[in-house]
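Here are the chains, one letter per residue:
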Amino acid sequence: MAASPQQQGQGGPGGGGGGWTPEQFWSLLDKADRRFARVRDLSPLGRQEPDAFAKAFRAYTQLWRMQQEHRHRLLEAGLRRWQVGEIAARIAHLYYAQYQRTADTALLSEAFVFYHAVLDRAYFQDADHHLSPAKHLRFLARFLLVALLLARRSHTVPRLASDIRTLLDDSKKSFQDAEYKEWKHVVQEIARFLRADSPFMNMRPLRYSYAFDPPPDTLRTVPPTVKKRGLVLSDTILCSYYPNEVKFTDLSIDVFRMVQCLEWEPCGSFALNNGYSAHDESGQNQPNLLKDLRDAALPPNPLKTILYRPSMTHFLTVLATKCEELPSNGIMLIYLSATGEMGTSGFCPDTGEKVLSNFNKFDISSTSHISSKENKEPCLWLGCRETEGSNCIYPGDLIPFTRRPLFLVIDSSTSYAFKSIHGTERGETAAMLLSPSSRSSAAGFSGDSTRNCGSQFTMFLTAPLQAFCFLIGNNGTDIDRDAYNKAEELLLLSLNEWATTLVASSSLHPVWVEVLGDPLLRRLLLRFIFCRATHSLFKPTNHKAEFLPTCMPPLPESVDAESMLSQSCVMRVASFFGAVSQFSFAEVTTWPDVDPEEAVATSSSGSANKGVPETARDSDISNSSSSF
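Given the structure is predicted, the values throughout are model-derived calculations rather than measurements.

A word on the overall build of the protein
Looking only at helices and strands, one finds 21 helices and ten strands in the protein. For the protein, the residues scored as buried account for 56% of the 628 residues in total. Considering only residue pairs separated by 6 or more positions, the protein has 79% of its internal contacts joining residues 24 or more positions apart. Of the accessible surface of the protein, which amounts to about 26200 Å², a share of 49% is contributed by carbon and sulfur atoms.

A short note on the packing of helix H5 (residues 105-120) against helix H6 (residues 133-149)
Across the interface, H5 lies against H6 with an axial gap of 10 Å and an inter-helix angle of 135°. Relative to H6, H5 is oriented oblique. Taken as a pair, H5 and H6 cross one another with a handedness that is left-handed. Between H5 and H6, the contacting residues are Leu108, Phe112, Tyr115, His116, Val118 and Leu119 on the first element and Phe139, Leu140, Arg142, Phe143, Val146, Ala147 and Leu149 on the second. Of the residues in the contact of H5 with H6, the class split is eleven nonpolar, one polar and one charged.

Remarks on unusual backbone geometry
Here Met552 and Pro553 are connected by a cis peptide whose omega angle stands at -10°. Position of Pro553 relative to the elements: it lies in the loop between strand E10 (550-552) and helix H20 (564-576). The residue Ala151 is not glycine, and still its phi comes out positive at about 60°. Note that Ala151 resides in the loop between H6 and helix H7 (156-170). Judged by relative accessible area, which is 4%, Ala151 ranks as buried.

Considering the packing of helix H17 (residues 481-504) against H20
Axes are the key here: two packed helices are described by the angle between their axes and the distance separating the axes. Closest axis-to-axis distance for the H17/H20 pair is 10 Å, and the angle between their directions is 180°. With respect to H20, the axis of H17 lies roughly antiparallel. On H20, the residues that touch Ala483, Lys486, Ala487, Leu490, Leu491, Leu493, Ser494, Glu497, Trp498 and Thr501 of H17 are Leu565, Ser566, Cys569, Arg572, Val573 and Phe576. Looking at the contact of H17 with H20, its residues break down into ten nonpolar, three polar and three charged.

Things to note about the pattern of salt bridges
Summed over all chains, the structure comprises 15 salt bridges. Between Glu488 and Arg204 there is a salt bridge; the shortest N-O distance is 3.7 Å. Of the two residues, Glu488 sits in helix H17 while Arg204 sits in the loop between helix H8 (177-196) and strand E1 (232-241), which places them 284 residues apart along the sequence. Accessibility classification places Glu488 together with Arg204 in one group, the buried group.

A look at the nonpolar core
Counting residues in each nonpolar core, the largest one holds 152 residues, and the members touching the most others are Leu333, Phe407, Trp512, Leu555 and Phe583. Apart from the residues lying within four places of it in its own chain, the contact partners of Phe407 are Ile331, Met332, Leu333, Ile334, Ala431, Leu433, Trp512, Val515, Leu521 and Leu524. Listed in part, the 30 residues of the second largest apolar core include Leu382, Leu398, Ile399 and Leu406.

Quick look at helix H12 (residues 312-325)
Helix length check: H12, at 14 residues, gives a terminal C-alpha distance of 20 Å against a target of 20 Å (1.5 Å per residue), a fit within 8%. Buried within H12 we find Met312, Phe315, Val318, Leu319, Lys322 and Cys323. The arc enclosing the buried residues of H12, seen along the axis, measures out at 130°, which places them on a common side. Seen from the open side of H12, the exposed residues pointing more than 90 degrees away from its buried face are Thr313 and Glu324.

Details of the pairing of E1
Most of E1 sits inside the fold, with nine of its ten residues counted as buried. The pairing of E1 with strand E4 (residues 303-308) spans six bridges and is parallel. From the neighbouring strand, Cys239 faces E4, where its bridge partner is Leu307.

A closer look at the environment of Ala338
Tracing the chain through its elements places Ala338 in strand E5 (residues 330-341). Ala338 sits 44 residues away from Leu382 along the chain, and the two C-alpha atoms are 6.3 Å apart. If sequence neighbours within four positions are ignored, Ala338 has contacts with Tyr241, Tyr242, Leu380, Trp381, Leu382, Asp411 and Ser412.

Quick notes on the pairing of strand E8 (residues 406-411)
Burial within E8 is extensive, with six of its six residues counted as buried. Every second residue of E8 is oriented toward a common face, with Leu406, Leu408 and Ile410 on one face and Phe407, Val409 and Asp411 on the other, all of them buried. Examined bridge by bridge, E8 and strand E9 (residues 431-434) share four bridges and lie parallel to one another. Considered in E9, the bridge of Leu408 is made with Met432.

Regarding a positive patch on the surface
A cluster of basic residues, Lys31, Arg34, Arg38, Lys55 and Arg58, forms a positive patch on the protein surface. Broken down by secondary-structure element, the contributors of at least two residues to the positive patch are helix H1 (22-40) and helix H2 (51-69). In terms of residue count, the dominant contributor to the positive patch is H1 (three residues). In this fold, Arg38 is placed in helix H1.

What about the packing of aromatic side chains?
Enumeration over the complete set of coordinates arrives at 28 aromatic pairs. Pairing Tyr115 with Phe143 gives two aromatic rings, centres 5.4 Å apart and planes at 25°, and the pair type is stacked. Residue Tyr115 is located in helix H5, and its partner Phe143 is located in helix H6; the two are separated by 28 residues in the primary sequence. Note on Tyr115: relative accessible area 2%, which makes it buried. An angle of 85° between the planes, with centres 5.2 Å apart, marks the rings of Phe124 and Phe139 as edge-to-face. Here the residue Phe124 occupies a position in the loop between H5 and H6, and Phe139 occupies one in helix H6, the gap between them amounting to 15 residues. In terms of burial, Phe124 and Phe139 fall into one category: buried.

Parameters at a glance
- Residues numbered from 1 in each chain as written.
- Predicted model: local features only at pLDDT ≥ 70, side-chain atom pairs only at ≥ 80, totals over all residues.
- Heavy atoms only, no water.
- Helix = DSSP H or I, 4+ residues; strand = E, 2+ residues; numbered from the N terminus.
- Buried < 20%, exposed > 50% of the residue type's maximum accessible area, 1.4 Å probe, protein only.
- Contact = heavy atoms within 4.5 Å.
- Areas by Shrake-Rupley, 256 points an atom, 1.4 Å probe, with all protein chains shown as cover.
- Axes fitted to C-alpha atoms, helices over the stretch in contact; angles between N-to-C directions.
- Parallel < 35°, antiparallel > 145°, perpendicular 65-115°, else oblique.
- Left-handed = near helix turned anticlockwise from the far one by under 90°.
- Nonpolar A, V, L, I, M, F, W, Y, C, P; charged D, E, K, R; others polar.
- Salt bridge = Lys/Arg side-chain N within 4 Å of Asp/Glu carboxyl O.
- Core = buried A, V, L, I, M, F, W, Y, C linked by side-chain atoms within 4.5 Å.
- Expected span 1.5 Å × (residues − 1).
- Arc of directions from axis to C-beta.
- Pairing = 2+ DSSP bridges.
- Patch = residues over 30% accessible without salt bridge, like charges linked within 9 Å, V, L, I, M, F, W, Y side chains within 5 Å.
- Lys, Arg positive; Asp, Glu negative; His and termini not counted.
- Charge placed at Lys NZ, Arg CZ, Asp CG, Glu CD.
- Phe/Tyr/Trp six-rings, centres within 6.5 Å; stacked < 30°, edge-to-face > 60°.

Below is the structure:
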């Protein structure tokens, strides 16, 4: 990782030597601009960090130190406050670019600090004729994206959304009609995104947090007699496209949730031992959050590549590159969320055998199947229908990459078609979580839910309690934090019981043994079981295959939706919300009377979770080790 401005060496033009001149500053500024442009044009692929990052950071380190040590002389020489702000904004952009390559959330926090300083100190306030409105809007939009990823919902996100809307209205005359309409569309996207990413969805971190999730060293493991390779999630590809879906820039609401779900909460263990006021933004008497965010106990986040509406050739190029660079002990997660095309041959969840039969007849040297409308395979659409060949993904497209361990999450109406991959892998058995082919018409997910609040299936994987509440018609407006925390504890107890049953099962497929060994994948699998059991027992979707998610290879019968364990777990959560009547339970189903507080205290993961203060997610970092 390239050194940050605080970590770079002390030599160079800004070192306080007597021979310093303002011309050196301007010369270095030109050099830094050129190096920044090179970083901006770099490909996001690759595990090795290019030298351009280190060179750009080194240049901006010197610039930052020079303006700190010689601010008065530089102002006399013509330096303007908006130029200082632009330097800080570019440092923030470098941090964010590094985060995109490394998935290190500490870098995301550093980017937030520099962006926040530019906004809080109003560096761009007096730059009307120097800084174009479009450039100022881009700065605010980038900062908003960073703030959303860090869940700074209490103050910064609303402020930025309001500033973008106000600046656009005030600058309307300076835009051409087409450009103004583009930014107006961005403002509308932000409004829709914030409605979907509601306060209820942010009641707890979506990231894996030590304050809410079991620490990895407390997770139950398979017996030593069970052969285990010790694979870990190291790379992910997150790809989505729905017409008119909720998104901001190229980040859809579903991918936004998956990004956080596949990361570790950076201040998890810090929050357990060091309380602080989450709403004090004055910067007085607060600990150095940036130092504590770098928790050495946290495992590294898997690398993530986000693709929005990619062409098929681009998707395959990225996938091939990631597979080539996958570590020997790594698993790659591929998340595909897109509308499906069933074709004219009448594919449905009950005719999966036909899908497999057609795939087995596939001849890569023949193109006759492409032009045959009668034998059209189900696929995922990632773009315009007019360019069918380059914008759709077929199950067979992923077969060559099963030489490496894959964990597939398919969220689409044609997800069932990807069952055909099972048994045709080229080396490694692929683990697959497949969404229902139809979405529930429950009150919380009425209409096209993808266009309103995101996918129901993805919500169950990333925010299962919120998804459960939406399913039973509870939008969370009346639930208080204490009640929500107790419901989370009940859900955690249920997930732990499913995990214990899986670990003890003698019929567990080896691929799921590896999945249970990785905390992030393990959490996805357990939430999938909860999703499947909930939909199977929910009266509107009871025993209707099109509404039930599936997985390949199959899981043991002991965790099936109709098992007594699954029924008891769902009943436990449903009874807390008074929604037992909405589910179809067996008459003999019983569940223990569990006090939520006692349940967490006695579980393997919850003993340290009581009395945890709100984390930094609910506040904004207002101080830094940097001097602005």
